[in-house]
Each structure stands twice: as structure tokens, then as C-alpha cells.
Amino acid sequence: MKQHEEVTFQTLANNEDIQIGYSDNDIVVVDSIQQFTEVNTAHVAMNAVVICTNGKVQAQMNGKQMELHKNQVAIVPQNVTVTDVMVSPDFNLKAMFLTYRILQSFLREKMNIWNDMMYIRRHHIVTMDEDEMLFYTHFYDMLTLAITKGGDYPLKTDVIQSLLRSAILGLCGRMEKMLASDTNLEDSATLHDNRKMTSKVHFQHFLDLLHSNDVKRHTVEAYASKLCISPKYLTAVCKKNSGKTANEWITEHVLEDIRYYLRQTDLSIKQICDKLAFPNPSFFGKYVKDHFGMTPLEFRNS
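What you see as residue numbers is a count from 1 along each chain, following the sequence as written. At least 70 in pLDDT is required for a residue's local features to be given in this predicted model, at least 80 for side-chain atom pairs to be given and counted, and no such filter applies to totals for whole chains, interfaces and linings, which use all residues. Hydrogens and water are ignored here; the side-chain numbers use all heavy atoms of the structure.

### Details of helix α9 (residues 231–242)
Our working rule: Helix and strand assignments come from DSSP, with helices taken as H or I runs of at least 4 residues and strands as E runs of at least 2, each series counted from the N terminus. Between the first and last residue of a helix there are one fewer steps than residues, each counted as 1.5 Å, and that sum is the expected span. Between buried and exposed lies partly exposed: a residue is buried under 20% and exposed over 50% of the maximum accessible area for its type, with that area taken using a 1.4 Å probe on protein chains only. Each C-beta atom gives one direction from the helix axis, and the arc is the one those directions make.
Here α9 contains twelve residues, and its C-alpha end-to-end distance of 16 Å stays within 8% of the 16 Å for a straight helix at 1.5 Å per residue. Leu234, Val237, Cys238 and Asn241 are the residues of α9 that are buried. Taken around the axis of α9, the buried residues stretch over an arc of 95°, which confines them to a single face. Just downstream of α9 lies Gly243, where phi reads positive at about 85°.

What follows is the structure in C-alpha cells.
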């Protein structure tokens, strides 16, 4: 692998250091990564579920320190930058990469658990006990049988996706238990309050929009309009559920995209400006200067 890796379906499929167990237009299952030690920075463009099968890895995920050990699972939302990767010599993993579309299809009404875990509580590590690991070991054996069976048997893709959905739902159930034990979680009476539930639903839908957009730099009014609510209410909903305003959520994600494209790609300033839908390089330069205290070129070289 390279020092700076863009993790997409294409890079996974074309990298000879990675053993691909299965892939389609929405899912890639990785059986092993032989030379992960060469990765220093990776931008993960898809949602990922990573099981550490041996050794350990340390890294920063969007600037937050993370450590993953054997029998732990890292849950990584899409468009996350992983930096400062350090692994033990015996490190290995199994991983599943999913588009947001297929993740929503798998989780359906449970999608709020994923969003709550990833974006509100920001818990990204799940520790499995022996019984849970035994379940996933048997599950993986079934998945391997389904994958290695002849490619011409009926409904192969449906069978594989059904197995993967079961695994994701099982993980989501574990996440729900973690959230329930969170001391900051609202009490059960509050959870059943209709107004509170409506607030959480609107917040979840806002996150769905924010993470499904390649261009995130839209006004609060634009996002609110798509949700058929007022900008004031959207801001209140975000503040209530996460402690941050809607504009802070938008700005945070725009800055993360800018940080990635300036630091981890060779795209020109003009290309990045166009990619992120800024009106012109001058406006883009001012935006970067206001938020990072330096010009785009200075930030790239810092």
C-alpha cells in the first residue's frame, strides 16, 4: 500500500496486498491485508466494519486517538481520515466496506442506532466477548461457504447480502446495548416522549443528508428545506441532540473534506475548489484562511 491511501471500491479491488473475499457494487469483504504496515494515512470513502483478528493497531480517526485489539471491532463511518497508523508485526484483520445506500437498506429503521453511535456518542470500538466472537466465527464460516460456492447458483448475491445484513444487525444490537448503558443517554420515559422522538428523527435525517452529499457546503436553510422544517428548528434539533448547531455540523464536514484534499491528494487548488463547489479560488482561499489561519498552499505545505 501507499503512504497515503484513498480507500474506495477501486483501490481495494486493484491492490494486490489485499485479499478480497467478495465484492459487488455496494459491498467489499476483505479477508486479509498483508502489508498494512505501509499505510500512514487513509481516507475511507465508505462505511467500514473492521474486526481485528490478531495483534493490534493504533491510529487517529479525524484527530481522535483510537486503539484496536484482537477481538475488537472498529466501526468507521464514511469520509473519515485515518492518520498516524501504527500496527504490531502480527496485526491482521477482516473487514466489510459498504456504501451508505446498502447500509441503509440493511438497517432500515435501525439506522438511527448507527447514527447515534457514530455521530452523537462517537463510540467507534466494540469489544466482543467469547460468545459473541464464537457467533461471528460461525457466521464467517457460513459466509465463506456462500462466497466460494459456484458463481452460477441461483440468488448467490441475495444469499451473501442476507448473511452480511444479519451480521450488521447483530452488531447494531450490540451497539444498542452500549448506548443503553451510556450514563448520558436519556432515561426511558424521555425516550418515549413523542416530541423527543420527532426531534431525534429530524436529526437523523439531517445526518443522512449531510453524509450522502458529496458537496456538503450548503446553507442551513437548504438542508432544512429538504427536510421540510424551518432553519431555526433544524438548528435547535441539532443542538439538542448533539450539542452542536446545524451550521457547526456542516462546517466541520466541509473542513474535513478540505483538510483531506489539501493534505492527502495532488489535486490543484482550483480542482479542489471546483470539487467542493466553492464559487472561485479567491473565495475558497478566504474560507481556508478564516478557518485554518493560513492560505490553502500554506496549509498544504504545513
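### Overview of the pairing of strand β6 (residues 56–61)
As a reminder, the rule being used: For two strands to be treated as a pair, DSSP must find at least two bridges joining them.
Only one face of β6 is buried: it carries Val57, Ala59 and Met61, and the other face, with Lys56, Gln58 and Gln60, is open. Bridge count between β6 and strand β7 (residues 64–69): six bridges; the pairing is antiparallel. When the sheet's bridge partners are listed, Ala59 is paired in β7 with Met66. Hairpin connection between β6 and β7: a loop of two residues separates the two successive antiparallel strands, and Asn62 in this loop has a positive phi of roughly 55°.

### Some remarks on the confidence of the model for the chain
To keep it simple, the criterion reads: Each residue carries a pLDDT value, the predictor's own confidence for that position, ranging from 0 to 100. Contacts were defined at the residue level, with two residues in contact if any of their heavy atoms lie within 4.5 Å.
The share of residues in the chain with pLDDT of 70 or more is 87%, and the mean pLDDT across the chain is 81. Contacts of residues 188–192 to residues separated by more than four positions or lying in other chains number four contacts, the stretch itself having pLDDT below 50.

### Here we look at the packing of aromatic side chains
The condition that has to hold: Only centres within 6.5 Å qualify two rings of Phe, Tyr or Trp (six-membered ring in Trp) as a pair; their planes then separate them into stacked at under 30 degrees, edge-to-face at over 60, and tilted for everything else. Only when the NZ of Lys or the CZ of Arg is both within 6 Å of the ring centre and within 35 degrees of the ring normal is a charge said to sit over the ring.
Evaluation of the coordinates by the stated rule reveals eight aromatic pairs. Ring geometry for Phe206 versus Tyr223: centroids 5.5 Å apart, planes at 85°, classification edge-to-face. Note that Phe206 is positioned in helix α7 (residues 194–212) and Tyr223 in helix α8 (residues 220–227), a separation of 17 residues in sequence. One exposure class covers both Phe206 and Tyr223, and it is buried. Three or more aromatic residues joined by ring pairs form one cluster here, namely Phe278, Phe283, Phe284 and Tyr287. Note that Lys244 overlies the ring of Trp249, its terminal NZ or CZ placed 3.9 Å from the centroid.

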